[in-house]
2 protein chains.
Amino acid sequence: MKSVVIIGSGNVAQHLIKALYKNSFYTIIQCFTRNRDSVSHLLDDALITNDYNLIKPADVYIISVSDAAVAQVSSALCFENKLVVHTSGSISINELDSKNRRGVLYPLQTFSKNKELNYNQIPFCIEAENNTDYLLLEKLAQSISSNVYSTTSQQRASLHIAAVFVSNFVNHLYEIGNQICTEKNVSFEILKPLIEETAQKIKTISPKEAQTGPAKRQDTIIINKHLQMLTQQNHKEIYKLLTQSIIDNEKKL
Amino acid sequence: MKSVVIIGSGNVAQHLIKALYKNSFYTIIQCFTRNRDSVSHLLDDALITNDYNLIKPADVYIISVSDAAVAQVSSALCFENKLVVHTSGSISINELDSKNRRGVLYPLQTFSKNKELNYNQIPFCIEAENNTDYLLLEKLAQSISSNVYSTTSQQRASLHIAAVFVSNFVNHLYEIGNQICTEKNVSFEILKPLIEETAQKIKTISPKEAQTGPAKRQDTIIINKHLQMLTQQNHKEIYKLLTQSIIDNEKKL
């Protein structure tokens, strides 16, 4: 049994606590946070501390705080030569203080507070400075998920950018679809099977093959009709830019 | 048993033929197309014609051709006072020639040639000039799908615009994610659970609640890092515009 200390209490930290809860191989022995309330529903009070000096010895320390705070928090730790990892997609392994052995355990998923997740499907991108630590992180990730990948800091940063496009931006397009439906008094529910099929489709065919719609067909009559019907300026701009991008992409081999 | 003639042979026409194939209440008695090859794998040769004069008497004629051709094809029909419907999201019921009784049967889904569909989930938006025809179209749609909606031409046009955002544009963002992965030599496969969860999430929480990522957090350090890392100009422009749109949307109540 390996011991884990979670440092932080945001969305990712909370989901990691849930994912490792009742795990047979890794046990959370403590959570360090300034915001006790955010994890008090998940852990015994005795397991929560806000004092760096009271952090317990453990096999792995997982820092799951905002990207901007990772370096500072890793420097504030009072111990040395332990395995300390962060969970960020965007920052290098080198941003962790080098007084400890460093690693990364990046769960590539969109974490919302009020949404349960099937942890077994979450891809974990891992990285470590030495092979023993890598193997420990790999086993830890494999005890949660069946999708574990070795990625360099640069690959991870690229995956994070791609994730912004395929998740954060995609969700914003759902929001715009919802706004258009609300404005025109039709139910957003009608669009949900389409949203699902659009996501399912690329499991079996490539996004390029899967493309449909007026932009792909270069149907300028429909495109102009849509631009006239849109009432919000930012909807019009997004429509124009993405339509042009699809048209240009279709021209490529 | 009601008889159906399909006019056209594109993606939607082919999927309608498949969806109505072996249907106990509606039977396809003919397909009119200039492009016999595109439906010859779905229908007996004797059921395919390219001559307007040879179109058989039927209970419903479904025109499933490009939007620009609907009016012309409906005028070219040699008969009168029959139920003639189109399958387009964007054009009004009034674009059909008024010599026949008019209607719309719009399947709100993304149809690709090489992708099987569960027809039962496809929302059908229907409209007709009179109640008897409406009921016939409703029953026809219900024999394929459990999601049948009465929508006006204006509501349908709004749904189609919203569908462009939540499906065509979303798919293009998948394509950009794929391009970024290819360029940086990481597998697009790693992103697929995230894509799926992003689509699943909005079944239980609203898109606004589901939003995550650097734009939502207004994390300008990460946003600028991403903009520097992106190599293609259109990726940069899309990143900037959608990030700003998310930031502005977060400021709204």
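Residues numbered from 1 in each chain as written. Chains lettered and ligands numbered in written order. Predicted model: local features only at pLDDT ≥ 70, side-chain atom pairs only at ≥ 80, totals over all residues. Heavy atoms only, no water.

On to the overall build of chain A. Secondary structure summary: chain A contains 8 helices and 8 strands in total. Dimensions of chain A, computed from the C-alpha atoms along their principal axes, are close to 65 × 40 × 30 Å. Each charge sign in chain A was given a centre, from 26 positive and 24 negative side chains, and these centres are 4 Å apart. (Helix = DSSP H or I, 4+ residues; strand = E, 2+ residues; numbered from the N terminus. Lys, Arg positive; Asp, Glu negative; His and termini not counted. Charge placed at Lys NZ, Arg CZ, Asp CG, Glu CD.)

Here we take up the sheet that holds strand β1 (residues 2-7) of chain A. All names here are of chain A. With mixed pairing, the 8 strands of this open sheet are ordered in space as β3-β2-β1-β4-β5-β6-β7-β8. Both edges of this open sheet fall to β3 (48-49) and β8 (148-150), since each of them pairs with a single strand only. In the sheet, strand β7 (residues 124-128) pairs with β8 via 3 bridges, with the strands oriented parallel. Looking at the pairing, isoleucine 126 lines up with serine 150 of β8. Of the strands in this sheet, β1, β2 (26-32), β4 (60-63), β6 (101-107) and β7 are in contact with helix α1 (residues 11-20), which crosses β2 at around 150°. (Pairing = 2+ DSSP bridges. Contact = heavy atoms within 4.5 Å. Axes fitted to C-alpha atoms, helices over the stretch in contact; angles between N-to-C directions.)

Bringing the state of the cysteines into the picture now. Taken as a whole, this structure holds 0 disulfides over all chains when the rule is applied. Cysteine Cys78(A) remains unbridged, with the sulfur of Cys31(A) as its closest cysteine sulfur at 16 Å. Summary of cysteine pairing: Cys181(B) is not part of a disulfide, and the nearest cysteine sulfur, belonging to Cys125(A), is at 10 Å. The class for Cys181(B) is buried, based on a relative accessible area of 1%. (Disulfide = S-S within 2.5 Å. Buried < 20%, exposed > 50% of the residue type's maximum accessible area, 1.4 Å probe, protein only.)

So, about the interface of chain B and chain A. The partner chain A presents 92 residues to the 92 residues of chain B that form the contact. Between chain B and chain A, the buried area comes to about 8,600 Å², and carbon and sulfur atoms account for 68% of it. Where chain B meets chain A, there are 2 salt bridges. Its salt-bridge partner being Lys203(A), residue Glu196(B) comes within 2.7 Å of it at the nearest N-O pair. Of the residues contributing to the side of chain B that touches chain A, the split by class is 43 nonpolar, 32 polar and 17 charged. (Buried area = accessible area lost by both parts, 1.4 Å probe. Salt bridge = Lys/Arg side-chain N within 4 Å of Asp/Glu carboxyl O. Nonpolar A, V, L, I, M, F, W, Y, C, P; charged D, E, K, R; others polar.)

One pass over the full model with this rule turns up 10 aromatic pairs over all chains. Between Phe169(A) and Tyr239(B) the ring centres are 5.2 Å apart and the planes differ by 75°, which places this aromatic pair in the edge-to-face class. Pair noted here: Phe169(A) is in helix α4 (residues 153-184) and Tyr239(B) is in helix α8 (residues 233-251), and the two residues belong to different chains. We classify Tyr239(B) as buried; its relative accessible area is 1%. Connected via pairs of aromatic rings, a cluster forms that spans Phe165(A), Phe169(A) and Tyr239(B). (Phe/Tyr/Trp six-rings, centres within 6.5 Å; stacked < 30°, edge-to-face > 60°.)

The next point concerns the side chain of Ser88(B). Residue and element names in this part refer to chain B. Position of serine 88 among the secondary structure elements: in the loop between β5 (83-86) and β6 (101-107). Here the side chain of serine 88 touches serine 90 through a polar contact of 3.0 Å, landing on its backbone nitrogen. Those residues within four positions of serine 88 in sequence are excluded, and the remaining contacts are Asp67, Val104, Tyr106 and Arg156. (Polar contact = N/O pair within 3.5 Å; in protein donor to acceptor, adjacent residues only side chain to side chain.)

On to the side chain of Ser74(B), then. All names here are of chain B. Mapped onto the elements, serine 74 comes out in helix α2 (residues 70-76). A polar side-chain atom of serine 74 sits 2.9 Å from the main-chain carbonyl oxygen of alanine 71. Each residue touching serine 74, except ones within four places of it in the same chain, is listed here: Ile63, Glu95, Leu96, Asp97 and Lys99.

Between chain B and chain A, which share one sequence, the superposing operator has a rotation angle of 180° and an axial displacement of 0.0 Å; the RMSD is 0.0 Å. The superposition of one copy onto the other is thereby described by a two-fold rotation axis. Among all residues of chain B, the minimum C-alpha distance to the rotation axis is found for Val170(B), at 2.7 Å. Taken as a fraction of all interface residues of chain B, those also at the interface in chain A reach 100%, which identifies the copy contact as same-surface. (Least-squares fit on C-alpha atoms with pLDDT ≥ 70 in both.)

A separate point is the confidence of the model for chain A. On average, chain A scores 94 in pLDDT, and the residues at 70 or more come to 100%. Interface scoring of the predicted complex returns ipTM 0.90; its pTM is 0.90. (pLDDT = per-residue confidence, 0-100.)

Below, the discussion takes up helix α3 (residues 131-144) of chain B. All names here are of chain B. Across its 14 residues, α3 extends 20 Å between first and last C-alpha, which sits within 8% of the 20 Å expected from 1.5 Å per residue. Inspection of α3 places Asp133, Tyr134, Leu136, Leu137, Leu140, Ala141 and Ile144 among the buried residues, and these make up the whole buried set. Down the axis of α3, the smallest arc covering the buried residues is 165°, so these residues share one side. Opposite the packed face of α3, turned more than 90 degrees from it, sit the exposed residues Asn131, Thr132 and Lys139. Its side-chain oxygen placed 3.0 Å from the backbone nitrogen of threonine 132, asparagine 130 serves as the N-cap of α3. (Expected span 1.5 Å × (residues − 1). Arc of directions from axis to C-beta.)

Moving on, we come to the pairing of β1(A). Every other side chain in a regular strand lies on the same face of the sheet, so the side chains alternate between the two faces. All names here are of chain A. When you tally the buried positions in β1, you get 5 out of 6 residues, the bulk of the element. In terms of strand pairing, β1 meets β2 through 6 bridges, oriented parallel. Following the sheet pairing, isoleucine 7 is matched in β2 by phenylalanine 32. After leaving β1, the chain enters α1 and then returns to the sheet as β2, a path that is right-handed. For β1 and β4, the ladder comprises 4 bridges, and the chain directions are parallel. Looking at the pairing, isoleucine 6 lines up with isoleucine 62 of β4. (Right-handed = clockwise from strand over helix to strand, strands pointing away.)

This next bit is on the layout of surface pockets. Residue and element names in this part refer to chain A. Of the volumes computed, that of the largest pocket is approximately 1,100 Å³. Among the elements of the structure, α1, α2 (70-76), β6 and α4 are those that each provide at least two residues to the lining of the largest pocket. The greatest single-element share of the lining of the largest pocket, amounting to 5 residues, is contributed by α4. Of the residues in the lining of the largest pocket, the class split is 17 nonpolar, 23 polar and 7 charged. Its boundaries defined by the atoms lining it, the second largest pocket holds a volume of some 840 Å³. (1 Å grid on protein atoms, 1.4 Å probe; cavity = no way out; pocket = protein on both sides within 12 Å on 5 of 7 lines; lining within 4 Å. Points joined across faces, edges and corners; volume = space filled by probe spheres on them.)

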